[in-house]
Each structure stands twice: as C-alpha cells, then as structure tokens.
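# What the coordinates show
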Amino acid sequence: MRGATQGVLVVVTAVFGFCALAARAQPMPDKVGDELSALAAATRPRAGLHLVVLTHRPLFGNAAGKDAIGTLLPGAEVVVLATSGKRLRVRLDGWQQDAGARAVYARRGLRILSLALTPEAAQQVRPGVGVPDPATGTVWRAVRVTGWLDPGGLVGAADRLSRVMTELNGEACGSCHATRPAGAFTAYQWAGGMSSSRHRNLLDADQMGLLLHWLQMGASDKGF
Ligand code: HEC
C-alpha cells in the first residue's frame with residue numbers, strides 16, 4: 001500500500017510542473033455553478049423533504065433575527081420540519097464525539113463535518129448514549145439539532161446533485177492526477193489530500209467543501 005502510494009506520488013510530482021500551468025489557465029467551472037443554481041431553483045421545500053445545503057450558511061436559533069446556533073457546511077443534509085414563515089424550520093441528525101463538542105458529523109465513526117455549533121449552542125445539545133467504535137474504541141453519540149434556515153441554495157434531488165459532483169470531480173480534479181472515484185480513498189484521506197497546498201484556489205470554498213463532503217460520503221470506509 002505504502003509502496004503504491006509512493007509510486008503514485010513520484011509520477012504525480014513529475015508531471016506536476018506542467019499540470020500546474022495547465023490547471024491555472026483553466027477557468028473555474030462556472031457551468032457547475034450554473035447547474036447547482038438550477039437545481040436549487042427547482043427545489044420546492046416541503047415538510048419531510050431532505051435538503052442538501054450548497055454553501056456555508058448560518059443555522060439560526062429562531063424564525064427571525066440574526067442569532068445563529070452554528071454554521072452548516074456545504075453538503076450537509078437537513079430535513080424540513082415546517083415551511084410556514086420566512087424561514088424553514090429544519091432538523092439535522094448527526095454524530096458527535098464528546099458531549100459539549102462543537103463539531104457535528106454526518107456519519108457515526110467518520111469525521112465528515114456537517115455543522116459547527118457556536119460554543120453556547122454546543123453546551124445545549126443533548127447527545128444520546130455513547131457507542132464505542134469497535135475498531136478504535138472512540139465513543140460516538142447521536143445528536144439532533146433543530147433550527148431555522150433562510151430559503152434558497154438548497155437542493156432536494158440527491159441523484160442530480162450527485163451527477164453534478166461527478167462532473168465537477170472530472171473537470172477540476174483530473175488535470176494533474178487521474179480523477180479518483182469517491183470510493184478510492186477513506187473519508188480521512190480525502191480531507192487530508194484536498195487540504196494540501198496543491199489544492200488551494202482550485203475551486204471556491206463552497207464548491208470545494210461540497211465536493212469534499214460528497215467524496216467523503218462515498219468514501220471506501222462507511223463508519224460503523
Ligand atoms: C494543480 C494540480 C492538481 C489538481 C488540479 C488537483 N490535484 Fe490533487 N494532488 C496534486 C498533487 C501534486 C498531489 C500529491 C500530493 C501533494 O503534493 O499535495 C495531489 C494529491 C491528492 C490527494 C491525496 C492522495 C494522493 O493521491 O496523493 C487527493 C485526495 C487529491 N489530490 C484530491 C484532489 C481533488 C479532489 C481535486 C479536485 C478538486 C484535485 N486533487 C485536483 C495536484 C493536483
């Protein structure tokens with residue numbers, strides 16, 4: 001495994017000089033941005049619908065006003081509870097490692113970040129009973145967070161969003177090394193690889209986050 005990875009690294013590094021130029025000359029895939037906007041525009045929120053958040057955005061503590069209880073990350077999934085009023089009332093089901101922690105993850109056993117709570121809100125969340133990961137012993141607890149979201153920028157059609165992400169992965173990620181399908185790496189490897197300096201400025205922070213979340217949800221490890 002290590003040998004193979006080093007082999008890939010040598011090849012990737014050898015072609016990097018050429019590819020860096022090519023990649024820099026490419027415009028950001030606006031087409032993807034347009035497709036995401038179209039999917040969001042076609043989404044009609046209703047109670048019970050699962051929606052994916054496309055950008056970093058505040059999860060509000062009430063139906064009006066500016067008080068946020070946290071920031072949802074691109075790719076996070078919420079379920080609509082009610083649509084009356086200007087904001088949508090939504091629920092996010094996730095996982096935490098420690099009671100009082102600010103990070104809420106999408107899968108038990110995997111650090112796929114969905115929501116960063118404010119320190120105050122983190123103190124108020126009541127996580128369920130801890131379940132130890134049989135592989136690592138790390139304890140995970142289910143959490144349920146409710147709040148309000150401004151409408152817009154939300155996509156209900158998971159299959160179509162997945163198609164756009166496959167396209168983005170192909171367009172933005174195949175010029176220096178081969179495009180890798182989501183299952184090529186673990187969730188942790190995706191986060192680590194994409195945070196390296198080579199990947200800075202390839203995409204804007206929202207599209208990069210959305211792609212990372214999607215790749216991690218399809219990663220080779222599935223949590224427990
Ligand atoms: C500008 C060239 C370039 C582009 C474009 C690029 N990468 Fe990379 N990537 C690299 C290089 C070089 C490495 C080797 C490690 C390093 O130096 O960061 C790498 C390594 C990785 C790794 C770590 C695993 C490995 O094989 O070493 C992941 C994961 C990764 N890239 C994902 C992506 C994704 C996702 C995209 C699209 C958003 C992308 N890359 C686009 C240059 C690029």
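Refer to the structure above for everything that follows.
Residues numbered from 1 in each chain as written. Predicted model: local features only at pLDDT ≥ 70, side-chain atom pairs only at ≥ 80, totals over all residues. Heavy atoms only, no water.

### Concerning the environment of arginine 198
Counting through the fold element by element, arginine 198 comes out in the loop between α5 (187-194) and α6 (205-217). Residue class for arginine 198 comes out partly exposed when judged on its relative accessible area of 48%. In this structure, the C-alpha to C-alpha distance between arginine 198 and cysteine 176, residues 22 residues apart in sequence, is 9.8 Å. (Helix = DSSP H or I, 4+ residues; strand = E, 2+ residues; numbered from the N terminus. Buried < 20%, exposed > 50% of the residue type's maximum accessible area, 1.4 Å probe, protein only.)

### Digging into the environment of glutamine 124
Note that glutamine 124 resides in helix α3 (residues 119-124). What makes glutamine 124 exposed here is its relative accessible area of 62%. In sequence terms glutamine 124 and alanine 99 are 25 residues apart; their C-alpha atoms lie 9.7 Å from each other.

### Quick look at the site of the ligand
Cys173, Cys176, His177, Arg180 and His199 are the nearest of the 21 residues found near the ligand. Contact between the ligand and arginine 198: an oxygen atom at 3.0 Å from a side-chain N or O atom of the residue. Take histidine 199: an N or O atom from its side chain is 2.8 Å from a nitrogen atom of the ligand. Sorting the residues of the shell around the ligand by element identifies α1 (2-25), α5 and α6 as the ones contributing at least two each. Per element, the largest residue contribution to the shell around the ligand is 4 residues, and it comes from α1. Residue composition of the shell around the ligand, grouped by class: 14 nonpolar, 5 polar and 2 charged. (Near = heavy atom within 4 Å. Polar contact = N/O pair within 3.5 Å; in protein donor to acceptor, adjacent residues only side chain to side chain. Nonpolar A, V, L, I, M, F, W, Y, C, P; charged D, E, K, R; others polar.)

### Description of the pattern of salt bridges
For side chains bearing opposite charge, pairing can occur when the charged atoms are close. Going through the model one piece at a time under the given rule, you end up with 5 salt bridges. For lysine 31, the salt bridge goes to glutamate 171, with nearest N and O atoms at 3.6 Å. On the criterion of sequence distance, the pair formed by lysine 31 in helix α2 (residues 30-41) and glutamate 171 in helix α4 (residues 158-172) is long-range, its members being 140 residues apart. Here glutamate 171 falls in the partly exposed class, since its relative accessible area comes to 34%. Residue arginine 144 is joined to aspartate 93 by a salt bridge in which the shortest nitrogen-to-oxygen separation is 2.7 Å. Taken as a pair, arginine 144 in strand β9 (residues 139-149) and aspartate 93 in strand β5 (residues 88-96) lie far apart in primary sequence, 51 residues in all. One salt-bridge network, in which partners are shared between bridges, spans Lys31, Glu167 and Glu171. (Salt bridge = Lys/Arg side-chain N within 4 Å of Asp/Glu carboxyl O.)

### Points about the pairing of strand β6 (residues 103-107)
Relative to strand β7 (residues 110-117), β6 runs antiparallel, the two being bridged by 4 bridges. Paired with valine 104 across the strands is leucine 115, a residue of β7. The antiparallel hairpin formed by β6 and β7 contains 2 residues in its connecting segment, where glycine 109 sits at a positive phi of about 95°. (Pairing = 2+ DSSP bridges.)

### Overview of α4
Relative to the 21 Å expected for 15 residues at 1.5 Å per residue, α4 spans 21 Å between its end C-alpha atoms, a close match to the ideal helical length. Along α4, the residues classified as buried are Leu161, Val164, Met165, Leu168, Asn169 and Ala172. The buried residues of α4 occupy one face: seen down the axis, they fall within an arc of 145°. Where α4 is buried, its residues touch α2, β1 (50-53), β10 (154-155) and α6. (Expected span 1.5 Å × (residues − 1). Arc of directions from axis to C-beta. Contact = heavy atoms within 4.5 Å.)

### Some points on the side chain of aspartate 133
Within the secondary structure, aspartate 133 is located in the loop between β8 (131-132) and β9. Buried within the structure, aspartate 133 lacks any salt-bridge partner; its nearest side chain of opposite charge belongs to arginine 108, at an N-O separation of 7.9 Å. In this structure, aspartate 133 is in contact with Gly109, Thr138, Trp140 and Phe224, ignoring residues within four places of it in sequence. (Lys, Arg positive; Asp, Glu negative; His and termini not counted.)

### A closer look at the nonpolar core
Formed by 25 residues in total, the largest nonpolar core has its most connected members in Leu36, Leu54, Leu161, Met165, Leu168 and Leu211. The set of elements that each furnish at least two residues to this core consists of α2, β7, α4, α5 and α6. What leucine 211 contacts, discounting residues up to four positions off in sequence, is Met165, Leu168, Asn169, Cys173, Met194 and Leu203. If you look at the next biggest cluster of nonpolar residues, it comprises 22 residues, including Leu49, Leu72, Leu88 and Leu117. (Core = buried A, V, L, I, M, F, W, Y, C linked by side-chain atoms within 4.5 Å.)

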